[in-house]
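Architecture at a glance
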Amino acid sequence: MPVIKVHDKEFVPYLSASEIEEQVKRVASEINRDYEGKKPLFIAILNGAFIFAADLFKHITIEAEISFIKLASYKGIKTSGKVITAIGLDADLHRREVIIIEDIVDTGKTLFHFLPQLQHQHPTSLKIATLLHKPGALLHPLKIDYLGFNIPNKFVIGYGLDYDGLGRNIKEIYQLV
Ligand code: IMP
């Protein structure tokens, strides 16, 4: 099996480009079916979701908008928990059908803390589409509405996902050995 080295770690092929494409198309067709006539607003979370978001959006055939945000997390001054803020959230979510696009839901911590901020704007609906999900790592209750693949609790790179900055441009998804 072709092993690749990124920084100090070795990775082996896990999902091929055609397997990914097949599931991206399937997720897009589910969304096309569910949002017919609803003009949803996709919000893609950078950096990791940029490739999934672009490929998914190409297969969206209904009227739809897309916007991109970056999440920054910092420690709250008086609270012990992490505070997550969105950079670049310029769209008005009020009465919109919103679909978050994520690359991977691992512990669920990021979205669990961030979604309430979007709920404050009273969207009509707020759903999550993620390419990958590690059910074995989930620590926060989170409902995933559209899913590409459930994967084991192992670190992966490629198709937008990185290991310390590298690996995002790999067409396939590789798994840590
Ligand atoms: P969560 O908050 O634990 O669900 O983690 C979400 C974020 O962690 C993702 O959006 C990724 O940026 C990063 N992440 C989690 N698992 C992996 C992985 O296996 N490879 C690359 N990035 C990951």
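Residues numbered from 1 in each chain as written. Predicted model: local features only at pLDDT ≥ 70, side-chain atom pairs only at ≥ 80, totals over all residues. Heavy atoms only, no water.

1. Let's talk about the overall build of the protein
Along the backbone of the protein there are three helices and ten strands. Put simply, the protein runs from its N terminus to its C terminus through helices and strands in the order β-β-α-β-α-β-β-β-α-β-β-β-β. Computed over its C-alpha atoms, the radius of gyration of the protein comes to 16 Å, within 12% of the 16 Å expected for a compact globule of 177 residues. Projecting the C-alpha coordinates of the protein onto the three principal axes gives extents of approximately 50 × 45 × 25 Å. Out of the 177 residues in the protein, the part that is buried amounts to 44%. For the protein, the exposed area adds up to about 9,500 Å²; of that, 53% sits on carbon and sulfur atoms. (Helix = DSSP H or I, 4+ residues; strand = E, 2+ residues; numbered from the N terminus. Rg over C-alpha atoms; globule rule 2.2 N^0.38 Å. Buried < 20%, exposed > 50% of the residue type's maximum accessible area, 1.4 Å probe, protein only. Areas by Shrake-Rupley, 256 points an atom, 1.4 Å probe, with all protein chains shown as cover.)

2. So, the sheet that holds strand 10 (residues 173–176)
To summarise the sheet geometry, strands pair through backbone hydrogen bonds and adopt either a parallel or an antiparallel arrangement. Overall, antiparallel pairing links the four strands, which are arranged 1-2-10-9 in an open sheet. Two strands bound the open sheet, and with one partner strand each, they are strand 1 (4–6) and strand 9 (156–157). Where strand 1 meets strand 2 (residues 9–15), three bridges bridge the pair, whose relative direction is antiparallel. The partner of Val6 across the bridge, within strand 2, is Lys9. (Pairing = 2+ DSSP bridges.)

3. Brief notes about the environment of Asn47
Tracing the sequence through the fold places Asn47 in the loop between strand 3 (41–46) and helix 2 (50–58). Sequence spacing of Asn47 and Pro2 is 45 residues, and the spatial spacing of their C-alpha atoms is 27 Å. Those residues in contact with Asn47 that lie beyond four places of it in its chain are Lys70 and Arg168. One polar contact links Asn47 to Lys70, side chain to side chain, over a distance of 3.3 Å. (Contact = heavy atoms within 4.5 Å. Polar contact = N/O pair within 3.5 Å; in protein donor to acceptor, adjacent residues only side chain to side chain.)

4. Digging into the pattern of salt bridges
Enumeration over the complete set of coordinates arrives at nine salt bridges. Between Asp8 and Lys9 there is a salt bridge, with its nearest N and O atoms 3.4 Å apart. Overall, Lys9 belongs to the partly exposed group, its relative accessible area being 31%. A salt bridge links Lys134 to Asp106; the shortest N-O distance between them is 3.8 Å. Note that Lys134 is positioned in the loop between strand 7 (125–133) and strand 8 (146–150) and Asp106 in the loop between strand 6 (97–105) and helix 3 (109–119), a separation of 28 residues in sequence. The exposure class assigned to Asp106 is partly exposed, which follows from its relative accessible area of 31%. (Salt bridge = Lys/Arg side-chain N within 4 Å of Asp/Glu carboxyl O.)

5. Remarks on the site of the ligand
Contacts to the ligand come from 14 residues, most closely from Thr107, Gly108, Thr110, Lys134 and Val156. Backbone polar atom of Lys109 to an oxygen atom of the ligand: 3.4 Å apart, as the coordinates give it. Judged by the proximity of its atoms to the pocket grid, the ligand belongs to the largest pocket. Of all the secondary-structure elements, those providing two or more residues to the shell around the ligand are strand 6 and helix 3. Among the elements that make up the shell around the ligand, the one with the highest residue count is strand 6 (four residues). (Near = heavy atom within 4 Å. 1 Å grid on protein atoms, 1.4 Å probe; cavity = no way out; pocket = protein on both sides within 12 Å on 5 of 7 lines; lining within 4 Å. Sits in = over half its atoms within 2 Å of the grid points.)

6. Thoughts on the pairing of strand 3
Within strand 3, five of the six residues are buried, leaving the element largely enclosed by the surrounding structure. As defined by bridge partners, strand 3 adjoins strand 6 across four bridges and the pair is classed as parallel. Each bridged residue has a counterpart across the sheet, and for Leu41 the counterpart in strand 6 is Val98.

7. Focus: the packing of aromatic side chains
Overall, the coordinates contain four aromatic pairs when judged by the stated rule. Ring geometry for Phe42 and Phe57: centres 5.6 Å apart, planes at 80°, overall edge-to-face. In this pair, Phe42 sits in strand 3 while Phe57 sits in helix 2, placing the two residues 15 residues apart along the sequence. Using a relative accessible area of 26% as the deciding quantity, one classes Phe57 as partly exposed. Cluster of aromatic residues (ring-pair linked, three or more members): Phe11, Phe155 and Tyr163. Over the aromatic face of Tyr35 sits the side chain of Lys38, whose NZ or CZ is 5.8 Å from the ring centroid. (Phe/Tyr/Trp six-rings, centres within 6.5 Å; stacked < 30°, edge-to-face > 60°. Lys NZ or Arg CZ within 6 Å of the ring centre and 35° of its normal.)

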